[in-house]
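# Observations on chain architecture
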Amino acid sequence: MMQSPKKYLAHKGWHQTAIIALIGGMYVFGSWVLNFDSVNGFIGVPKAFAWLGIYFKPTAHSVQYLPKIWQKLIQTVLLAISSTVVAAVVSIFVALLGSKVTGINGFVQMIVRGVASFFRNIPLVAWSMILLFSFKQSDFTGFLALLLMSIGYLIRAFMEIIEDEASETMLALKATGASYFQVIFQAVLPQILPSILSWILYMIENNVRDATLVGILTGTGIGFLFDIYYKSFRFDAAGMTVLAIIVVVIALETISNQIRRVIL
C-alpha cells in the first residue's frame, strides 16, 4: 500500500534529521576525544586569515623572486605532465587486461584489480616517504610518487570506461569474426579515446596540485621553494609562490575544460 505524500515527507524528514543528529554526535564525540575547543577554533579562523592577509601578501620586494618561482613552477608542471602521460600509457594496457569486457581470464582480472587497489589506497605522502629512502631527494622520487598513485587511479577509471562504453562493440565485432587485437585497436580504443583523454587532463590538473606537496617532501620543484621561503620567514615570497601556483592551476583548468568541450 502506498504512503500518502504527507506520511512520505514526514518519514523522509525523520531520516534526514536522524542522519544530521548522527553526524553532529560524531563531531561532538570526536571533539571530546581530541580535546578540541570548537568555539575557540571557529573564532580563530578569521584571525588566521587576517594573519595570512598581512604577512603572506606579495609586496614590491617579492617581485624579485618571480624568475626563480616560475622556473620551479614550470619544472613542477612538466613533472606532473610527464608522470601522468607515462601512467596513462601503462594504465590503458593494464586496464585492457583487467576489464571484464576485454580481459584475458578471471585470474588476470583479479590480479590487475588488486594491483590497482593497492596503488590507489596508499596515500601520496606515504609513497613519497617510502621512495625517499630509496631514491633520496630528487625529481625522480617525485616522478615515481606521482606515477604510482596515478597508475592506481587511472587503471580503475579506464576499466570502468571500457566496461561502460565498449562492451556492446566488443560483442558485436566478436560475432562478425574479428580477432581480439582487431577489436581492441580498431574499435575499443578509438571509441573510448575521448573519455580517456578527459581523465588524463583531470589527472594532470590533480598532479600539478599534488606535485607541490610532493616537492616539499622530496626537496624538489615549487613545493621545496615554498618550504624554503616559509621556513626562512620570507612570507612575502611564500605568498608570491602561492599566488603563482593558483594562477597556473586556474590556467590549466581553463585549458583543460576547453579541450574537454572539443573532444567530448
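Let us look at the structure shown here. Keep in mind the model is a prediction, meaning the values are calculated, not measured. (Residues numbered from 1 in each chain as written. Predicted model: local features only at pLDDT ≥ 70, side-chain atom pairs only at ≥ 80, totals over all residues. Heavy atoms only, no water.)

Scanning the entire structure with this criterion turns up 1 cavity of 30 Å³ or more. Space inside the largest cavity adds up to approximately 50 Å³. Taken together, Q75, T76, L79, D139, A211, V214, G215, T220 and G221 make up the full set of residues lining the largest cavity. Of all elements in the fold, only helix 3 (66-98) and helix 8 (180-218) reach the threshold of two or more residues within the lining of the largest cavity. (1 Å grid on protein atoms, 1.4 Å probe; cavity = no way out; pocket = protein on both sides within 12 Å on 5 of 7 lines; lining within 4 Å. Points joined across faces, edges and corners; volume = space filled by probe spheres on them. Helix = DSSP H or I, 4+ residues; strand = E, 2+ residues; numbered from the N terminus.)

Direction vectors running N to C along helix 9 (residues 221-231) and helix 10 (residues 235-263) enclose 155°, while the axes themselves pass 7 Å from each other. Classed by the angle they form, the pair helix 9 and helix 10 counts as roughly antiparallel. As for how helix 9 packs across helix 10, the hand of that crossing is left-handed. Residue-level inspection shows I222, F226, Y229 and Y230 of helix 9 in contact with helix 10, the latter providing F235, A237, A238, T241, V242 and I245. Grouping the amino acids of the contact of helix 9 with helix 10 by side-chain chemistry returns 9 nonpolar, 1 polar and no charged. (Axes fitted to C-alpha atoms, helices over the stretch in contact; angles between N-to-C directions. Parallel < 35°, antiparallel > 145°, perpendicular 65-115°, else oblique. Left-handed = near helix turned anticlockwise from the far one by under 90°. Contact = heavy atoms within 4.5 Å. Nonpolar A, V, L, I, M, F, W, Y, C, P; charged D, E, K, R; others polar.)

Throughout the structure, instances matching the rule amount to 17 aromatic pairs. Between the aromatic rings of Y55 and F235, the centroid separation amounts to 6.4 Å while the plane-to-plane angle is 75°, which identifies the pairing as edge-to-face. With a gap of 180 residues between them, Y55 in helix 2 (residues 38-55) and F235 in helix 10 connect regions that are remote in the sequence. Residue classification places Y55 among the partly exposed residues on the basis of a relative accessible area of 44%. Given a relative accessible area of 14%, F235 falls into the buried group. Taking 6.3 Å as the distance between ring centres and 85° as the angle between the ring planes, the aromatic pair formed by F118 and W127 counts as edge-to-face. Taking relative accessible area as the criterion, F118 reaches 47% and is therefore assigned partly exposed. The exposure class assigned to W127 is buried, which follows from its relative accessible area of 8%. One aromatic cluster is present, built from ring pairs that chain together W51, Y55, F56, F226, Y230, F233 and F235. (Phe/Tyr/Trp six-rings, centres within 6.5 Å; stacked < 30°, edge-to-face > 60°. Buried < 20%, exposed > 50% of the residue type's maximum accessible area, 1.4 Å probe, protein only.)

So, about the environment of K68. Along the chain, K68 turns up in helix 3. Taking the C-alpha atoms as reference points, K68 and L225, 157 residues apart in sequence, are found 8.6 Å from one another. Discounting residues that sit within four places of it in the chain, K68 has contacts with L225 and Y229.

Here helix 8 contains 39 residues, and its C-alpha end-to-end distance of 43 Å is more than 12% below the 57 Å for a straight helix at 1.5 Å per residue. Downstream of helix 8 by one or two residues, G219 has phi in the positive range, about 70°. (Expected span 1.5 Å × (residues − 1).)

Take the side chain of S150 next. Its place among the elements puts S150 in helix 6 (residues 139-165). Not counting residues within four places of it along the chain, the set of residues in contact with S150 comprises A87, S91, M203 and N207.

Moving on, we get to a nonpolar patch on the surface. Residues Y27, V28, F29, W32, V33, L34, F36 and F42 make up a contiguous nonpolar surface patch of about 980 Å² in total accessible area. For the nonpolar patch, the element with the most residues is helix 1 (residues 5-34), which contributes 6 residues. Tracing the sequence through the fold places F29 in helix 1. (Patch = residues over 30% accessible without salt bridge, like charges linked within 9 Å, V, L, I, M, F, W, Y side chains within 5 Å. Areas by Shrake-Rupley, 256 points an atom, 1.4 Å probe, with all protein chains shown as cover. Salt bridge = Lys/Arg side-chain N within 4 Å of Asp/Glu carboxyl O.)

Another point: the pattern of salt bridges. Using the criterion set out here, one finds 3 salt bridges in the structure. The residue E163 makes a salt bridge to R113 at a minimum N-O spacing of 2.6 Å. You can see E163 sitting in helix 6 and its partner R113 sitting in helix 4 (residues 106-121), a full 50 residues away along the chain. What makes R113 partly exposed here is its relative accessible area of 29%. In this structure, R156 and E160 form a salt bridge, with 2.9 Å as the shortest nitrogen-oxygen distance. Of this pair, R156 and E160 are both found in helix 6, 4 residues apart, which corresponds to roughly one turn of the helix. For R156, a relative accessible area of 37% corresponds to the partly exposed category. Given a relative accessible area of 38%, E160 falls into the partly exposed group.

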